[in-house]
Amino acid sequence: MMDIKIYETKNKKEKPQSMDIEFGSVFTDYMFIMDYEKGKGWINPRIEEYKDISISPAALVFHYGQSTFEGMKAYKTEDDRIFLFRPDKNIKRENNSNARLCIPQIPEEDFMQAVIELVKIDKDWIPKSKGASLYIRPFVIATEQSLNVKPSSQYKFIIILSPVGAYYKEGLNPVKIWIEDEYVRAVRGGIGEAKTGGNYAASMLSQEKAHEGGYSQVLWLDGIEHKYIEEVGAMNIFFKIDGKIVTPMLNGSILPGVTRASVIDVCKSFGYEVEERRISVDELENSAKDGKLEEVFGSGTAAVISPVGTLKFGDNVYEINEGKIGEVSQKVYDTITGIQTGKIEDTFGWTVEVK
Ligand code: COI
């Protein structure tokens, strides 16, 4: 167990009146920080007031993007218990991302302890309204002062918390997604499967283009042939084609989503056949034209389950399920959010209670 130093603050902030606020725009009273120094390892774990931090303008993170992050959520149940959803998977993924970015590993039990202690101290910030939760954003930044292109010898591991409602303004109403055929997000061998800011920076130009056209996000195609479906800006993607649930297989350039893995298990538990495989945009268009593309939905920690009502590729626009949420999307949403908030029994063993 780490000895986490707690610096109490008297500067308690007002909590939002409603969860109808922009995703990730409000932060709690506290944050967790620890430092890394080469030769010493992770040191000085502390929980202190959420506030600006001071780092060198030459910190490596600003110049060469050596950073990783995670996203998970804490939920309050009807009877005021606090649940985390599969935090072990996020912790492992953070360390996988760290390995890819030459960032030192964070001991899993220390990471878990930090999340639990921080959530406990800010527990009054966990919203209880439907669809709301406390988003947990752990991240690591390279803080060594250097313009040399090299892995940093110093880092900060920080966890901040943000009460959130729905990720998209549409809520559970279907979103419109644009299939991007010009730019790509990631290529095999690149950093696509790591959760690192660069992947999101690479996505913004396309996202802006999509927004201008009235679409919420883009669906990426593979970086080599521009032919196979990868993922959406902030979610993995699922299709119901001719009765089967299909999602792109993990290939090194797709983020291995925790919600994605959970959707696969939930769909199998419902008795659906689930295929993780390559899906070409041709197959998708043909299945839409043949009336076999029955449902489309995205999955993510922030987005939860987000039905897709419209897909656009080039000049072709496809309406999915008459623009309405599909039966599987609704069932998966109800099941996953039910487990997360303790309304449905967790037969999968996914929830971790914070006590
Ligand atoms: C998440 O779903 O937690 C994400 O990190 C996606 C996005 C908000 C960057």
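Residues numbered from 1 in each chain as written. Predicted model: local features only at pLDDT ≥ 70, side-chain atom pairs only at ≥ 80, totals over all residues. Heavy atoms only, no water.

Looking now at the domain arrangement of the protein. Its domain assignment divides the protein into domain 1 (5–164) and domain 2 (175–340). Taking only C-alpha atoms, the centre of domain 1 and the centre of domain 2 are 27 Å apart. Each partner contributes residues to the interface: domain 1 has 21 residues there, and domain 2 has 21 residues. Of the roughly 1,800 Å² buried between domain 1 and domain 2, counting both surfaces, carbon and sulfur atoms make up 59%. (Domains from an automatic or database assignment. Contact = heavy atoms within 4.5 Å. Buried area = accessible area lost by both parts, 1.4 Å probe.)

Around the ligand sit Phe23, Phe69, Gly71, Tyr135, Arg137, Tyr167, Lys195, Tyr200, Ala234, Thr301 and Ala302, and that is every residue in its neighbourhood. Within the backbone of Thr301, a nitrogen or oxygen atom sits 3.3 Å from an oxygen atom of the ligand. Backbone polar atom of Ala302 to an oxygen atom of the ligand: 2.8 Å apart, as the coordinates give it. Relative to its free-state accessible area of 280 Å², the ligand is covered by the protein chains to the extent of 90%. Judged by the fraction of its atoms near the pocket grid, the ligand is located in the largest pocket. (Near = heavy atom within 4 Å. Polar contact = N/O pair within 3.5 Å; in protein donor to acceptor, adjacent residues only side chain to side chain. Areas by Shrake-Rupley, 256 points an atom, 1.4 Å probe, with all protein chains shown as cover. 1 Å grid on protein atoms, 1.4 Å probe; cavity = no way out; pocket = protein on both sides within 12 Å on 5 of 7 lines; lining within 4 Å. Sits in = over half its atoms within 2 Å of the grid points.)

Attention now goes to the side chain of Lys76. If you trace the backbone, Lys76 turns up in strand E5 (residues 72–76). One buried charged residue, Lys76, forms no salt bridge at all, with the nearest opposite charge on Asp124 at 4.7 Å. In terms of polar contacts, Lys76 uses its side chain to reach the backbone carbonyl oxygen of Lys123, at 3.1 Å. Excluding residues that lie within four positions of it along the chain, Lys76 makes contacts with Arg81, Lys123, Asp124, Ile126, Pro127 and Lys128. (Helix = DSSP H or I, 4+ residues; strand = E, 2+ residues; numbered from the N terminus. Buried < 20%, exposed > 50% of the residue type's maximum accessible area, 1.4 Å probe, protein only. Lys, Arg positive; Asp, Glu negative; His and termini not counted. Salt bridge = Lys/Arg side-chain N within 4 Å of Asp/Glu carboxyl O.)

Once that is clear, we can look at the nonpolar core. The tendency in soluble globular proteins is for nonpolar side chains to be buried side by side. In this structure, Phe32, Ile136, Phe157 and Ile159 are the most contacted members of the largest nonpolar core, which totals 47 residues. The two domains that each donate at least three residues to this core are domain 1 (5–164) and domain 2 (175–340). If we ignore the near neighbours within four places in the chain, the residues touching Ile136 are Glu70, Gly71, Met72, Lys73, Ala74, Leu84, Val115, Val119, Ile159, Ile160 and Leu161. Membership of the second largest hydrophobic core comes to 24 residues, among which are Ile241, Ile279, Ala303 and Phe313. (Core = buried A, V, L, I, M, F, W, Y, C linked by side-chain atoms within 4.5 Å.)

One way to see where empty space is left: roll a probe the size of a water molecule over the atoms. Considering only enclosed or pocket space, the largest pocket measures out at about 1,000 Å³ in volume. In terms of lining residues, the largest pocket is bounded by 42 residues, among which Phe23, Tyr167, Gln217, Ala234 and Ala302 are the most central. When contributions to the lining of the largest pocket are tallied by element, the ones reaching two or more residues are strand E7 (133–142), helix H4 (197–201), helix H5 (204–212), strand E11 (229–232), helix H6 (258–269) and strand E15 (293–300). Residue contributions to the lining of the largest pocket peak at four residues, all from H5. For the lining of the largest pocket, the per-class residue count stands at 17 nonpolar, 15 polar and 10 charged. Here the lining of the largest pocket spans two domains, and each of domain 1 (5–164) and domain 2 (175–340) adds at least three residues to it. Its boundaries defined by the atoms lining it, the second largest pocket holds a volume of some 570 Å³. Around the second largest pocket, the lining is made up of 30 residues, and of these Lys130, Gly131, Ala132, Tyr333 and Thr337 lie nearest the centre. Breaking the lining of the second largest pocket down by element, the ones donating at least two residues are E5, strand E16 (304–313) and helix H8 (327–340). Both domain 1 (5–164) and domain 2 (175–340) contribute no fewer than three residues apiece to the lining of the second largest pocket. (Points joined across faces, edges and corners; volume = space filled by probe spheres on them. Nonpolar A, V, L, I, M, F, W, Y, C, P; charged D, E, K, R; others polar.)

Under the definition given, this model contains 21 salt bridges. We note a salt bridge from Glu70 to Arg93, for which the minimum N-O separation is 2.8 Å. Remark: Arg93 occurs in helix H2 (residues 87–100) and Glu70 occurs in the loop between strand E4 (67–69) and E5; sequence separation between them is 23 residues. For Glu144, the salt bridge is made with Lys150, and the minimal N-O distance between the two is 2.6 Å.

This brings us to the packing of aromatic side chains. Scanning the model with the defined rule gives 13 aromatic pairs in all. With 6.2 Å between their ring centres and 65 degrees between their planes, Trp42 and Phe157 make a pair best called edge-to-face. Taken together, the positions of Trp42 in strand E3 (residues 41–49) and Phe157 in strand E8 (residues 154–164) put the pair 115 residues apart, joining distant regions of the chain. Taken together, a centroid distance of 5.2 Å and an interplanar angle of 5 degrees make the contact between Phe238 and Phe297 stacked. Of this pair, Phe238 sits in strand E12 (residues 236–241) while Phe297 sits in strand E15; the two residues are 59 residues apart in sequence, bridging distant segments of the chain. With a relative accessible area of 0%, Phe297 lands in the buried category. Here the basic side chain of Arg278 rests over the ring of Tyr228, its NZ or CZ set 3.9 Å away from the ring centre. (Phe/Tyr/Trp six-rings, centres within 6.5 Å; stacked < 30°, edge-to-face > 60°. Lys NZ or Arg CZ within 6 Å of the ring centre and 35° of its normal.)

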